[in-house]
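A closer look at the structure
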Amino acid sequence: MLVAAGPAAAGAALAADGWPAKPVRIIAPYGAGGSYDVIARMLAQKLGEQVGQSFLVDARPGAAGRIGMEVGVKAPPDGYTMIVIGNTQTIAPAVHKSVPYDLATSLDYVSMVATLMNTFVVSPGLPVNTLAELVAYSKAKPGMARYGSGGTGSITHLAGEMLRVATGGDFTHVPYKAGALAIPAIMTNDIQFGMLNLLNAQPHIQSGKLRVIAVSGLKRSTQFPNVPTLDEAGAKGLEIVEFHALAMPRGTPAAIVSRLNAEIGRALVTPDLRQQFAQQAAEPAPASPAETRRYVLNEQAKFAKVVKQIGLDPTD
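Residues numbered from 1 in each chain as written. Predicted model: local features only at pLDDT ≥ 70, side-chain atom pairs only at ≥ 80, totals over all residues. Heavy atoms only, no water.

Points about the sheet that holds strand β9 (residues 211-215)
Spatially, β7-β6-β8-β5-β9 is the arrangement adopted by the 5 strands of the open sheet, whose pairing is mixed. The open sheet is flanked by β7 (171-175) and β9, the only strands paired with a single partner. Between one strand axis and the next, the sheet turns by 35 degrees as a mean value, whatever way the strands run. As defined by bridge partners, strand β6 (residues 145-149) adjoins strand β8 (residues 193-197) across 2 bridges and the pair is classed as parallel. Directly across from Gly-148, in β8, lies its bridge partner Gly-194. (Pairing = 2+ DSSP bridges. Helix = DSSP H or I, 4+ residues; strand = E, 2+ residues; numbered from the N terminus. Axes fitted to C-alpha atoms, helices over the stretch in contact; angles between N-to-C directions.)

Points about the side chain of Glu-161
Within the fold, Glu-161 resides in helix α6 (residues 155-167). When residues no more than four places from it in sequence are discounted, the contact partners of Glu-161 are Tyr-147, His-173, Val-306 and Ile-310. (Contact = heavy atoms within 4.5 Å.)

Topic: the sheet that holds strand β2 (residues 55-59)
Reading across from one edge, β2-β1-β3-β10-β4-β11 is the order of the 6 strands in this open sheet, with mixed pairing throughout. Among the strands making up the open sheet, the edge pair consists of β2 and β11 (282-284). Between one strand and the next, the sheet's axes are offset by a mean angle of 30 degrees, whatever the strand orientation. Across 3 bridges, the pairing between strand β4 (residues 107-116) and β11 is antiparallel. For Thr-115, the partnering residue across the bridge sits in β11 and is Glu-283. Sheet strands in contact with helix α10 (residues 254-268) are β2, β3 (81-85), β4, β10 (242-249) and β11, and its direction is about 10 degrees off that of β4. Strands β3, β4 and β10 of the sheet are contacted by helix α12 (residues 289-310), whose axis makes an angle of about 75 degrees with β4.

Regarding the environment of Gln-223
In this fold, Gln-223 is placed in the loop between β9 and α9 (230-233). By relative accessible area, which is 30% here, Gln-223 ends up partly exposed. In this structure the C-alpha to C-alpha distance between Gln-223 and Met-117, which are 106 residues apart in sequence, comes to 10 Å. For Gln-223, the residues in contact, after removing those within four places along its chain, are Leu-198, Gln-202 and Ala-281. At 3.1 Å, the side chain of Gln-223 and the side chain of Thr-222 are in polar contact. (Buried < 20%, exposed > 50% of the residue type's maximum accessible area, 1.4 Å probe, protein only. Polar contact = N/O pair within 3.5 Å; in protein donor to acceptor, adjacent residues only side chain to side chain.)

Quick notes on the pairing of β9
With respect to burial, β9 is a largely interior element, 4 of its 5 residues being buried. Bridging between strand β5 (residues 118-122) and β9 involves 4 bridges; their strand directions are antiparallel. Following the sheet pairing, Phe-120 is matched in β9 by Ala-214.

Concerning the nonpolar core
One broad trend across soluble globular proteins is that nonpolar side chains are buried collectively. Residues Leu-43, Phe-55, Leu-246 and Phe-277 are the most contacted members of the largest nonpolar core, which totals 32 residues. Mapped onto this core, the elements with two or more residues apiece are β1 (24-28), α2 (35-51), β2, β3, β4, β10, α10 and α11 (271-279). Among the elements that line this core, the one with the most residues is α2, at 8 residues. Setting aside anything within four residues of it in sequence, one finds Phe-55 in contact with Trp-19, Val-24, Ile-26, Ala-44, Leu-47, Gly-48, Met-82 and Leu-260. Counting residues in each nonpolar core, the second largest holds 29 residues, with Tyr-137, Met-195, Leu-230 and Ile-240 among its members. (Core = buried A, V, L, I, M, F, W, Y, C linked by side-chain atoms within 4.5 Å.)

Rendered as structure tokens:
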């Protein structure tokens, strides 16, 4: 067995020694201009500077990330394809009948990249200032505490259901074709609340057009230090953050995965990249490949649990 393993190990080492000999593609199964695309491009620029080779972001949006994921997991595992992994990919297996990947078997995880806190915001016209008051309002006026989302099965939908389960609130889901369409509806009290990531929510909170009642991390936001976390506000243990991670097709040489993990860790402590992330309200979150795998699979299990709890049937 040792003799048989020798050539394979030597081949992997040689592949890593010459890496990268050409540009590395980063497939982002998200639309251009969103936080996943922007953060991937920031990191790609820094990695290129560090290793002396281009890292090119290839946006492949559509079908809840399934289009880009299929391209990514079917790419040769030669170290020249990375895949941006986020919340959508962890939710898709629970809400769609068919996905072209298995998060446990299709990927070699490289590193976590960043997390982005979410906020729970209410209409300024709603007479509530805390999560407890929102829950009380919903019970006093059944059907009148409506929350908006980017569609059934989206993270903003599941977040509302997780909050309902955790607090016992009488919340009603109102799906929109896109999450951005829910924002003006909250402002005008057509719907009463919703979840927005910190970057999108911040200017509206500061202008008074939205009122923030909780942040979704397990620690408070530096931007809103006086706003309690969901856990502090009564939704014990509940955490719903936007996460950014990177993986590669299964079978990528371990030496390349290790090298990339080190380069990403090195990039995430540089002052210029940290400043760029801060402008996106993103917190650098380097992690080992094993830690990244564990985090992603835990997120998948968390969303699968709530989908089962609410009896949501998978769609095509």
